[in-house]
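# Fold and geometry: a report
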Amino acid sequence: MSELVKGMLEEDNEEEKVIEIPLPNVKSAVLRKVIEFCQHYQEEPMVEFKKPLKSGQMAEVVQKWYADFAVADEQVLLSDLILAANYMDIKPLMDLTGAAIAACMIRGEITDEIRAIGAKMFSPVDPYENVI
Amino acid sequence: MSSSQNQPVIQLEDGWNNVIKKGAIDVLERTLDDGFDTSFEPKEYIRIYTTCYDMCTQRSPYNWSRDLYQRHGETIEAYLRNTVLPALQDKTGQGGTILLNELKHRWSNHQIMNKWLRKFFTYLDRYYVKHHSLPTLEMAGLHHFKSEIYQNCKENTTSAIISLIDEEREGEIIDKTLVKSIAELFESMGTGSLDAYTFDLETPLLEATRSYYGRKREDWIAKDSTPDYLIKAEKALGEEKTRVMEYLNPSTEPKIRKVVEDEILQKVQTNLLEKEGSGCSVLLANDKTDDLQRMFHLFSRLENGLQPMANIVEKFITAQGNACIEKRQAKLDSGEKDKNDDPEFVKSLIDLHEKYLSVIRETFASHHLFQKALKNSFEEIVNNDVGQYSNAELMSTFCDRILKSGGEKLSEAEVEQSLDRIVQLFSFLTDKDLFAEIYRNQLAKRLLNQRSASDDAEKALIAKLKVQCGTQFTSKMEGMLNDLAVGSEQKNEFDQRMEQHGDTKLSFGVQVLTIGNWPSYKAPEVALPAQMSKCMEVFKEWHDAKHQKRRLTWVHSLGNATVRATYGKKFYDLQVTTLQAVVLAAFDNGQTYGFTELKDKLNLDDITLKPIMHSLSCGKQKVITKSPAGNKITSTDSFSPNAKFTCNMRKIRIPVASVESSHNKNRVEEDRSVAIEAAIVRIMKARKTLSHQQLVAEVLSQLAFFKPQPRVIKKRIEALIDREYLERSSENSQQYNVSLLISFWRCNPSLFFASYNFLRYVLIKSVPCLSGE
């Protein structure tokens, strides 16, 4: 699912040896959540939701598990997730996290975190594509 | 977390020089130059990727996306220009294969470099490239290769390839994989389209191919016979096809094929067909199936390539057919009697047709042009009559031979086959109606004289004719068979009736014929003996009760009888015709009659009576004595029963010479006039007004069973004008109404003649008897 990891695996098709792929830009807690996402996705693929979003409630836009997932906790902020997804090039996760942020905005909850993301990520970049 | 707030900002030169250049680009270049396998450990790769990523996601003014993109391009460009190009230029002078190998090597290197650089800089592809509508990294790399290397080398490369291909054509072995890789290089240089390949490689190759095969053609045509040339041509085409399959782009196949076909087939087609001693006609004459088949397949590739060949085939078959006809002519010239029966000739035509039918099927794959050629030539042959009797008649007699009892002895399958084939030959006849008339006459003879070998065979042939020409054509023939079938059904009924009412000593049968179906026969009103009259009355009564609306006319000139003749103590059964029987009955009491006396008594004319008397008194069995004796009957002869007559056999058949000709020529002519007039009326009813030319053309197209001369049609038109079915109107005048037009014609006869060439015919009334038929 991660294009980055996939790219590296392509190279090594002969030997079945264990490859070590460092991911310096991704903290372990974040990585854990990313893996959780990927594993769940294998079993229950996420629906493609329409952009622009029609509601501020994630539960109405996407499946329940994903709606619950896309929520910040103390260790892992939503912004962390977005950046990890961007770094590792995992499109579904990017869509989901982007949508979560957009949903916040629709609800009118401009938290500090959101502001920080906005400031940090302000470059002509796609994560905000799904904002109305 | 890679929050770039926590990490130091990467400066452009730092990031570039320390990480990217050192870790990626230099390594890449080195491994390529050294020839080692290029690969990067995941750790290394991630380091470089992350550096790029970071440098591209930093907030401005530290966002280095643009610079990285630019430097990516510059790196590739520099490498190509400084390292790759000189290496190639170095090899250019050293001969084709060496250059090609070097190019192949460098291209493969480039592909590796392009891949890795793309992987390192991949973040740019995701957003930067899209937002600025720039070429992707991969594309950019390709463009650089194209402009730095490809444009400089393409001409030399193309000539190297062409010389290799020419070598292979001459039989040398070349490195096909090498050529294939270079061809693929050309394809890639099109960046999405085949343009580069087409312009830079294919077009020069096609030209070279053209001149190569042009030379070969000149060489071969001078030395080789047609079959040998064709074998070489076939081989060359096969080779070129394989060549494209092995190392060129598939789109080249049709183009190369066209060039080769053009050079070695199209340009010398006439030459090959007409070559002295080995051209198409010679091959046909010697039944060279393989060579003809090859020729057929090769020429069918060309546009309109088969027509010339079909023309030669047509001429050849026509010549063969004419040879048969000349043979017949020679037979007649050398004094052989001209009869209406020439089975040898008809069979030779049938055999010719069968032969070329199978040739066309097997050698020419039943192609329609050749079928048409066969048809055209047979149409010419079959309508070429020599001698007194038309081919239509000869063919009808041929059928007669097969269908009559005592004719050719053939098995059922052979009969079927022969009939089938004669009908095929029949289909080429123009004068089909003539055939029908003759055939009907012969059929009548067979049926009435019980000479038909097999009812099924008769039906089969009529069915085949029906398939060819339609129901109308065979309706009379079918009617004839039907009459007999009905007759035999009703025979039992009538026999019972005879038993009740008739003279039981005389057994009597009647065959009822429907008048339209049968040929017209003379019905002499001969004076019959009482016994016979009585039988006829019984029948008439019975028949009239059954069919009130029908009228019977007795035809005594047909029919036969068995006469019990007692000469002294011996008696004989004489099998004779009805009229002979009537004559014999007159001598019942031993009288003597003069010829004229007999004539008057029996109410017969000379033409009828003479042959009868001849058969009874001058033939083998002289049952009647003629005085004076001799072989000719004159009106002064007198006749009496031959008291001294004896014969070993009890049953004696006494045949009479037949007077009738095979058919009534006038009848055919009459029928034709009627058919033409009916066609004219039918056409004019539909079209209302038509010019002379058009009318003649339409009439010709509508007549299926014969082809009249235009002047005959013109005569019919004039006849119809006389009877006021049509009228003329001059070309330039408006539509007149009917009466005006008539008076116009009456007052101005000079105008009528003056506008002779511009006549239009207008239908003014129709009559039921002519319409529809």
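No experiment lies behind these values; they were computed from the predicted model shown.

Helix and strand content of chain B: 30 helices and 9 strands. The C-alpha radius of gyration of chain B comes to 48 Å, more than 25% above the 28 Å expected for a compact globule of 773 residues. Structurally, chain B occupies a C-alpha span of about 155 × 70 × 60 Å along its principal axes. By the burial criterion, 45% of the 773 residues in chain B qualify as buried. Counting only contacts in chain B whose residues sit at least 6 apart along the sequence, the fraction spanning at least 24 positions is 72%. Taken as a whole, chain B presents about 40,500 Å² of accessible surface, with 49% of it coming from carbon and sulfur. Side chains of chain B give 104 positive and 106 negative charges; the mean places of these two sets differ by 7 Å.

Glancing now at the pattern of salt bridges. All names here are of chain B. Summed over the entire model, instances satisfying the criterion amount to 63 salt bridges over all chains. Between E263 and R210 there is a salt bridge, with the nearest N and O atoms lying 2.7 Å from each other. You can see E263 sitting in helix α10 (residues 252–264) and its partner R210 sitting in helix α8 (residues 195–223), a full 53 residues away along the chain.

Right, let's talk about empty space enclosed by the protein for a bit. All names here are of chain B. Here the structure, examined in full by the defined rule, presents 3 cavities of 30 Å³ or more. Its boundaries defined by the atoms lining it, the second largest cavity holds a volume of some 60 Å³. Looking at the second largest cavity, the residues that line it are L237, E240, K241, E253, I256, R257, V260 and R301. Elements with a contribution of two residues or more to the lining of the second largest cavity: α9 (226–247) and α10. If one sorts the elements of the lining of the second largest cavity by residue count, α10 sits on top with 4 residues.

This next bit is on the sheet that holds strand β2 (residues 570–577) of chain B. Backbone-to-backbone hydrogen bonds pair the strands of a sheet. The strands run either parallel or antiparallel. Residue and element names in this part refer to chain B. Taken in spatial order, the 3 strands of this open sheet run β1-β2-β6, and their pairing is mixed. The strands lining the two open edges of the sheet, one partner per strand, are β1 (560–567) and β6 (651–653). On average, each strand axis in the sheet is tilted by 25° relative to the strand beside it, whichever way the strands run. Pairing geometry for β1 and β2, over 8 bridges, is antiparallel.

What follows is about the state of the cysteines. All names here are of chain B. Summed over the entire model, instances satisfying the criterion amount to 0 disulfides over all chains. For C324, which is in no disulfide, the shortest distance to another cysteine sulfur is to C399 and amounts to 18 Å. Taking relative accessible area as the criterion, C324 reaches 16% and is therefore assigned buried.

Next up on the list: the confidence of the model for chain B. Residue and element names in this part refer to chain B. Per-residue pLDDT for chain B averages 84, and the proportion of residues at 70 or more is 92%. The low-confidence segment residues 1–5 (pLDDT under 50) makes 8 contacts with residues lying over four places distant or belonging to another chain. The model gives residues 762–773 a pLDDT under 50, and that stretch makes 34 contacts with residues more than four places away or in other chains.

Residue and element names in this part refer to chain B. The sheet built from 3 strands is open, its strands ordered β3-β5-β4 with antiparallel pairing. This sheet does not close on itself; its edge strands, each paired only once, are β3 (593–594) and β4 (624–627). Looking at chain direction, β4 and strand β5 (residues 638–641) are connected through 4 bridges and run antiparallel. The residue of β5 that forms the bridge with I624 is P641.

Residue and element names in this part refer to chain B. Where helix α20 (residues 455–469) meets helix α21 (residues 471–501), the closest approach of the two axes is 8 Å, and the angle between their N-to-C directions is 165°. The angle between the axes of α20 and α21 places the two elements in the roughly antiparallel class. Crossing of α20 over α21 shows left-handed handedness. Of α21, the residues touching α20 (which contributes D455, E458, K459, I462, L465, K466 and C469) are T471, F473, T474, M477, E478 and L481. Per-class residue counts for the contact of α20 with α21 are 6 nonpolar, 2 polar and 5 charged.

In this section: the pairing of β2(B). All names here are of chain B. Adjacent in sequence and paired antiparallel, β1 and β2 are bridged by 2 residues, among which G568 carries a positive phi angle near 65°. Both β2 and β6 contribute to a ladder of 3 bridges, which runs parallel. Bridged to Q575 within β6 is R653.

Next up on the list: the packing of aromatic side chains. Given two aromatic rings, one states the distance between the centres and the angle between the planes to describe the pair. For the structure shown, the criterion picks out 40 aromatic pairs over all chains. Aromatic side chains Y123(B) and Y127(B) sit 5.3 Å apart centroid to centroid with 70° between the ring planes, which places their arrangement in the edge-to-face category. Note that Y123(B) and Y127(B) are positioned in helix α5 (residues 122–131) at a spacing of 4 residues, about one turn of the helix. With relative accessibility at 6%, the residue Y123(B) sits in the buried group. Pairing F473(B) with F705(B) gives two aromatic rings, centres 4.6 Å apart and planes at 50°, and the pair type is tilted. Taken as a pair, F473(B) in helix α21 and F705(B) in the loop between α27 (692–702) and α28 (710–722) lie far apart in primary sequence, 232 residues in all. Stacked on the ring of F69(A), the Lys or Arg K33(A) has its end atom at 4.6 Å from the ring centre. Across from the ring centre of F571(B), 4.7 Å away, lies the NZ or CZ of R650(B), which sits over that ring.

All names here are of chain B. Structurally, T226 can be placed in helix α9. Classification of T226 as buried rests on a relative accessible area of 0%. A distance of 2.9 Å separates a polar side-chain atom of T226 from the backbone oxygen of L272. The contact partners of T226, leaving out residues within four places of it in the chain, are L272, K275, S278, G279 and M295.

Turning next to the nonpolar core. All names here are of chain B. Of all hydrophobic cores here, the largest spans 194 residues; its most connected members are F121, M309 and F370. Here this core takes 12 residues from helix α6 (residues 137–169), the largest share from any one element. Look past the residues within four positions of F121 in its chain and what remains in contact with it is W16, I20, C52, L68, H72 and L137. The next biggest cluster of nonpolar side chains, apart from the first, holds 33 residues, and it includes M532, F595, L609 and V623.

Another point: unusual backbone geometry. At the junction of S627(B) and P628(B), the peptide bond is cis and its omega measures out at 5° in the coordinates. For P628(B), the location among the structural elements is in the loop between β4 and β5. One non-glycine residue with positive phi stands out, namely D89(A), at about 60°. Note on placement: D89(A) falls in the loop between α5 (78–88) and α6 (91–107). Judged by relative accessible area, which is 18%, D89(A) ranks as buried. Of note, the phi angle at D287(B) is positive, near 55°, even though the residue is not glycine. Assignment of secondary structure puts D287(B) in the loop between α12 (280–285) and α13 (289–299). The partly exposed category is assigned to D287(B), whose relative accessible area is 41%.

A few words now on the confidence of the model for chain A. Residues and elements named next belong to chain A. Looking at chain A, the pLDDT average stands at 75 and 74% of residues meet or exceed 70. Mean pLDDT across the elements of chain A bottoms out in helix α7 (residues 112–120) (65) and peaks in helix α2 (residues 28–43) (87). Ignoring residues within four places in sequence, the model shows residues 123–132, a span with pLDDT below 50, making 23 contacts including any to other chains.

Residue and element names in this part refer to chain B. Taking 1.5 Å of rise per residue, the 23 residues of helix α26 (residues 665–687) would be expected to cover 33 Å, and the 33 Å separating its terminal C-alpha atoms lies within 8% of that figure. By the burial criterion, the buried members of α26 are R667, V668, R672, I676, E677, A678, A679, I680, V681, I683 and M684. Note on α26: the residue one or two positions beyond its end, K688, has a positive phi of about 70°.

Parameters and conventions
Residues numbered from 1 in each chain as written. Chains lettered and ligands numbered in written order. Predicted model: local features only at pLDDT ≥ 70, side-chain atom pairs only at ≥ 80, totals over all residues. Heavy atoms only, no water. Helix = DSSP H or I, 4+ residues; strand = E, 2+ residues; numbered from the N terminus. Rg over C-alpha atoms; globule rule 2.2 N^0.38 Å. Buried < 20%, exposed > 50% of the residue type's maximum accessible area, 1.4 Å probe, protein only. Contact = heavy atoms within 4.5 Å. Areas by Shrake-Rupley, 256 points an atom, 1.4 Å probe, with all protein chains shown as cover. Lys, Arg positive; Asp, Glu negative; His and termini not counted. Charge placed at Lys NZ, Arg CZ, Asp CG, Glu CD. Salt bridge = Lys/Arg side-chain N within 4 Å of Asp/Glu carboxyl O. 1 Å grid on protein atoms, 1.4 Å probe; cavity = no way out; pocket = protein on both sides within 12 Å on 5 of 7 lines; lining within 4 Å. Points joined across faces, edges and corners; volume = space filled by probe spheres on them. Pairing = 2+ DSSP bridges. Axes fitted to C-alpha atoms, helices over the stretch in contact; angles between N-to-C directions. Disulfide = S-S within 2.5 Å. pLDDT = per-residue confidence, 0-100. Parallel < 35°, antiparallel > 145°, perpendicular 65-115°, else oblique. Left-handed = near helix turned anticlockwise from the far one by under 90°. Nonpolar A, V, L, I, M, F, W, Y, C, P; charged D, E, K, R; others polar. Phe/Tyr/Trp six-rings, centres within 6.5 Å; stacked < 30°, edge-to-face > 60°. Lys NZ or Arg CZ within 6 Å of the ring centre and 35° of its normal. Polar contact = N/O pair within 3.5 Å; in protein donor to acceptor, adjacent residues only side chain to side chain. Core = buried A, V, L, I, M, F, W, Y, C linked by side-chain atoms within 4.5 Å. Expected span 1.5 Å × (residues − 1).

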